[in-house]
Amino acid sequence: MNICKAKNYQDMSRKAANIISAQVIMKPHCVLGLATGSSPIGTYKQLIEWYNKGDLDFARVMSINLDEYKGLSPENPQSYRYFMNTNLFDHINIDKARTFVPNGLEPDPEKACAEYEEIIRKSGGIDLQLLGLGRNGHIGFNEPADAFARETHCVNLTESTIDANKRFFESEDDVPRQAYTMGIGSIMKARKILVVVSGEDKADALKATICGPITPQVPASILQLHNDVTIVADEAALSKMD
Ligand code: F6R
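What counts as what
- Residues numbered from 1 in each chain as written.
- Predicted model: local features only at pLDDT ≥ 70, side-chain atom pairs only at ≥ 80, totals over all residues.
- Heavy atoms only, no water.
- Helix = DSSP H or I, 4+ residues; strand = E, 2+ residues; numbered from the N terminus.
- Rg over C-alpha atoms; globule rule 2.2 N^0.38 Å.
- Buried < 20%, exposed > 50% of the residue type's maximum accessible area, 1.4 Å probe, protein only.
- Areas by Shrake-Rupley, 256 points an atom, 1.4 Å probe, with all protein chains shown as cover.
- Lys, Arg positive; Asp, Glu negative; His and termini not counted.
- Charge placed at Lys NZ, Arg CZ, Asp CG, Glu CD.
- Near = heavy atom within 4 Å.
- Polar contact = N/O pair within 3.5 Å; in protein donor to acceptor, adjacent residues only side chain to side chain.
- 1 Å grid on protein atoms, 1.4 Å probe; cavity = no way out; pocket = protein on both sides within 12 Å on 5 of 7 lines; lining within 4 Å.
- Sits in = over half its atoms within 2 Å of the grid points.
- Nonpolar A, V, L, I, M, F, W, Y, C, P; charged D, E, K, R; others polar.
- Axes fitted to C-alpha atoms, helices over the stretch in contact; angles between N-to-C directions.
- Parallel < 35°, antiparallel > 145°, perpendicular 65-115°, else oblique.
- Left-handed = near helix turned anticlockwise from the far one by under 90°.
- Contact = heavy atoms within 4.5 Å.
- Pairing = 2+ DSSP bridges.

(A) Quick peek at the overall build of the protein chain. Summing up its helical and strand segments, the protein chain has 7 helices and 10 strands in all. Relative to the 2.2 N^0.38 estimate, which gives 18 Å for 242 residues, the radius of gyration of the protein chain is 17 Å and therefore close to what a compact globule would have. Across its three principal axes, the protein chain shows a C-alpha extent of roughly 45 × 45 × 35 Å. Split into buried and exposed, the 242 residues of the protein chain put 53% on the buried side. Within the structure as shown, the protein chain displays about 11000 Å² of accessible surface, and the carbon and sulfur contribution to it stands at 50%. Charge-centre separation for the protein chain: the mean point of 26 positive side chains lies 6 Å from the mean point of 32 negative side chains.

(B) Spotlight on the site of the ligand. Looking at the ligand, there are 15 residues lining it, with Ser39, Asp67, His138, Gly140 and Lys202 nearest. Within the backbone of Ser38, an N or O atom sits 2.8 Å from an oxygen atom of the ligand. Asp67 is positioned such that a nitrogen or oxygen atom in its side chain is 2.5 Å from an oxygen atom of the ligand. Coverage of the ligand by the protein amounts to 92% of the 410 Å² it exposes when considered alone. Comparing atom positions with the cavity grids shows the ligand to sit within the largest pocket. Counted by class, the shell around the ligand contains 4 nonpolar, 8 polar and 3 charged residues.

(C) Seen up close, the packing of helix 1 (residues 9–26) against helix 2 (residues 41–52). In contact at an axis separation of 8 Å, helix 1 and helix 2 are set at 55° when each is read in the N-to-C sense. Judged by the inter-axis angle, helix 1 sits oblique to helix 2. Helix 1 and helix 2 meet at a crossing whose hand is right-handed. For the pair helix 1 and helix 2, the contacting residues are Tyr9, Ser13, Arg14, Ala16, Ala17, Asn18, Ile20 and Ser21 in the first and Ile41, Gly42, Thr43, Gln46, Leu47 and Trp50 in the second. Looking at the contact of helix 1 with helix 2, its residues break down into 7 nonpolar, 6 polar and 1 charged.

(D) Expanded view of the side chain of Ser79. With respect to the helices and strands, Ser79 occurs in the loop between strand 4 (67–69) and helix 3 (80–87). A distance of 3.3 Å separates a polar side-chain atom of Ser79 from the backbone oxygen of Pro74. Ser79 has contacts with Glu68, Leu72, Ser73 and Pro74, leaving out every residue within four places of it along the chain.

(E) How the structure looks around the sheet that holds strand 8 (residues 178–181). The strand order across the open sheet formed by 3 strands is 4-8-7, and the pairing between neighbours is antiparallel. A strand with exactly one partner marks an edge of an open sheet, and here the two such strands are strand 4 and strand 7 (153–156). Sheet twist, expressed as the mean angle between neighbouring strand axes with direction ignored, is 25°. In terms of strand pairing, strand 4 meets strand 8 through 3 bridges, oriented antiparallel. Each bridged residue has a counterpart across the sheet, and for Glu68 the counterpart in strand 8 is Tyr180.

(F) How the structure looks around the packing of helix 2 against helix 3. Packing of helix 2 against helix 3 brings their axes to within 10 Å, and their N-to-C directions diverge by 35°. In this structure, helix 2 uses Ile41, Tyr44 and Ile48 to contact helix 3, whose residues at the interface are Phe83, Met84 and Asn87.

(G) Representation of the sheet that holds strand 5 (residues 99–100). Strand order in the open sheet formed by 7 strands is 1-10-9-6-2-3-5, with parallel pairing between adjacent strands. Each edge of the open sheet carries a strand with a single partner, namely strand 1 (2–6) and strand 5. Taken together, the 4 bridges between strand 2 (residues 31–34) and strand 3 (residues 62–65) define a ladder with parallel strand orientation. Residue Val31 lies in a different strand from strand 3, and its bridge partner there is Met62. Along the sheet, helix 1 makes contact with strand 1, strand 2, strand 6 (128–132), strand 9 (192–197) and strand 10 (229–234), crossing strand 9 at roughly 165°. Sitting on the sheet, helix 4 (residues 109–123) is in contact with strand 2, strand 3 and strand 5, with an inclination near 150° to strand 3.

(H) Representation of the environment of Asp11 in the model. Structurally, Asp11 is set in helix 1. Given a relative accessible area of 7%, Asp11 falls into the buried group. A sequence separation of 33 residues divides Asp11 from Tyr44, and the C-alpha atoms of the two residues are 13 Å apart.

Limitation: the analysis is restricted to geometry and does not speak to function.
Right, dumping it as structure tokens:
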């Protein structure tokens, strides 16, 4: 694992955007695995800035997002499709028909997940997967569990995740209880993985991810077994490392 230390959120975002830019420049038709949440917002802002300066071209890029709430439509401001449109896709020249998010409106989990795995397979594989880290060590919506889930699947969100995400909803009751997420196996197949981590509330999860035993109780710990992982973390997130 390559650990890249950043001063703060802004510095982390610039460093992560640099890595994504390098990928897009080196392989203009690359497949980017993307994430939502607060961690990558600054990275997306930086990419938009460089795109506006004429330094980046997303015309041939394809993107595949990690997850989506089950039951939310793309027009719902809390859906991850809406997040991606407003925080990135609407501001760059990516072809939206080549941007993929699990279909939150598909009520049949088996169908939704099989279709998504097929999209990943047909893409030829993810070149660079961007990840945030949950306070309980989750990646995507792969929550602490007794076993690592391999492929895209439907999950029941844990109390910790519902609590962390309720800030985006009017009330805790509005937070969907289920989501479709790429599995650990789907994530581990990406050729490169980039994790952005900021803030003291992630320090325990980050330490467990990097130094702890590899266990499905800390889903991100599996990343220790991937041969091309870069973690860009700020000082607060790294504060529990010795
Ligand atoms: C988002 C995702 C989640 C988040 C994680 C961290 O697509 O899959 O795993 O990356 O919950 O969220 P933030 O960045 O909001 O702290």
